[in-house]
Amino acid sequence: MQLPPKVTERAFARLAEIGAAGQGQALRVAVEGGGCSGFQYEIGLDTPTPEDLVLEGGGEKVVVDAVSLPFLENAVIDFTEELIGARFTIENPNATSSCGCGTSFSM
């Protein structure tokens, strides 16, 4: 049984701050081939489609397409603020290695 990714309250709160739902948008998290480790995350605001897995919290949505879902099994989608900047992050237990940039990984 495939476990869907989890989204932290902090990530949903950030989506509320930027008004994603009010614009009819959701945070799309996708996995694509490429990057320095073989796969890379694509994270951005997008319109949900009927085929997406929709994760909801605090009136906001995070969506994952069916192709990306197996790569994100049991991952945690979060939002972090550090001195170098603020960004959505993914803690992926399926990744065997990752790049220093945090957006590229291998399995």
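This text follows the structure it describes.
The model shown is predicted, which means the values in this text are computed figures rather than measured ones.

(A) Looking closely at the packing of aromatic side chains. For the structure shown, the criterion picks out two aromatic pairs. Taking the centre distance of 4.9 Å and the plane angle of 45° together, the rings of F39 and F71 count as tilted. Here the residue F39 occupies a position in strand 3 (residues 39-46), and F71 occupies one in the loop between strand 5 (60-64) and strand 6 (76-82), the gap between them amounting to 32 residues. Of the residues examined, F39 reaches a relative accessible area of 24% and is grouped as partly exposed. Given the relative accessible area of 22%, F71 is considered partly exposed.

(B) Just the nonpolar core, in detail. Ranked by size, the top nonpolar core spans 19 residues in total, and within it V29, V62 and L72 carry the most contacts. Residues in contact with L72, not counting those within four places in the same chain, are P5, V29, V31, Y41, V64, I90, N92 and N94.

(C) Molecular detail of the pattern of salt bridges. On inspection of all chains with the given rule, the structure shows four salt bridges. A salt bridge links D78 to R10, with the shortest nitrogen-to-oxygen separation between them at 2.5 Å. Here R10 lies in helix 1 (residues 9-17) and D78 lies in strand 6, a separation of 68 residues in the sequence. With its nearest N and O atoms 3.0 Å apart, the salt bridge here joins R14 to E17. One end of the pair is R14 and the other is E17, both in helix 1 and three residues apart, which spans about a single turn. Taking the relative accessible area as the measure of exposure, R14 reaches 28% and is therefore partly exposed. If you follow the salt bridges from partner to partner, you end up with R28, D46 and D52 in one network.

(D) Looking closely at the pairing of strand 5. Taking burial as the measure, the five residues of strand 5 include four buried ones, the bulk of the element. Two strands pair when backbone bridges link them, and strand 2 (residues 26-33) and strand 5 are joined in this way by two bridges, in the parallel orientation. Residue pairing in the sheet places L27 in a bridge with V62 of strand 5. Relative to strand 5, strand 4 (residues 53-57) runs antiparallel, the two being bridged by five bridges. Bridge pairing in strand 5 links L53 to V64. The turn joining strand 4 and strand 5, which pair antiparallel and follow one another in sequence, is formed by two residues; a positive phi near 60° is taken by G58.

Conventions and cut-offs
- Residues numbered from 1 in each chain as written.
- Predicted model: local features only at pLDDT ≥ 70, side-chain atom pairs only at ≥ 80, totals over all residues.
- Heavy atoms only, no water.
- Phe/Tyr/Trp six-rings, centres within 6.5 Å; stacked < 30°, edge-to-face > 60°.
- Helix = DSSP H or I, 4+ residues; strand = E, 2+ residues; numbered from the N terminus.
- Buried < 20%, exposed > 50% of the residue type's maximum accessible area, 1.4 Å probe, protein only.
- Core = buried A, V, L, I, M, F, W, Y, C linked by side-chain atoms within 4.5 Å.
- Contact = heavy atoms within 4.5 Å.
- Salt bridge = Lys/Arg side-chain N within 4 Å of Asp/Glu carboxyl O.
- Pairing = 2+ DSSP bridges.

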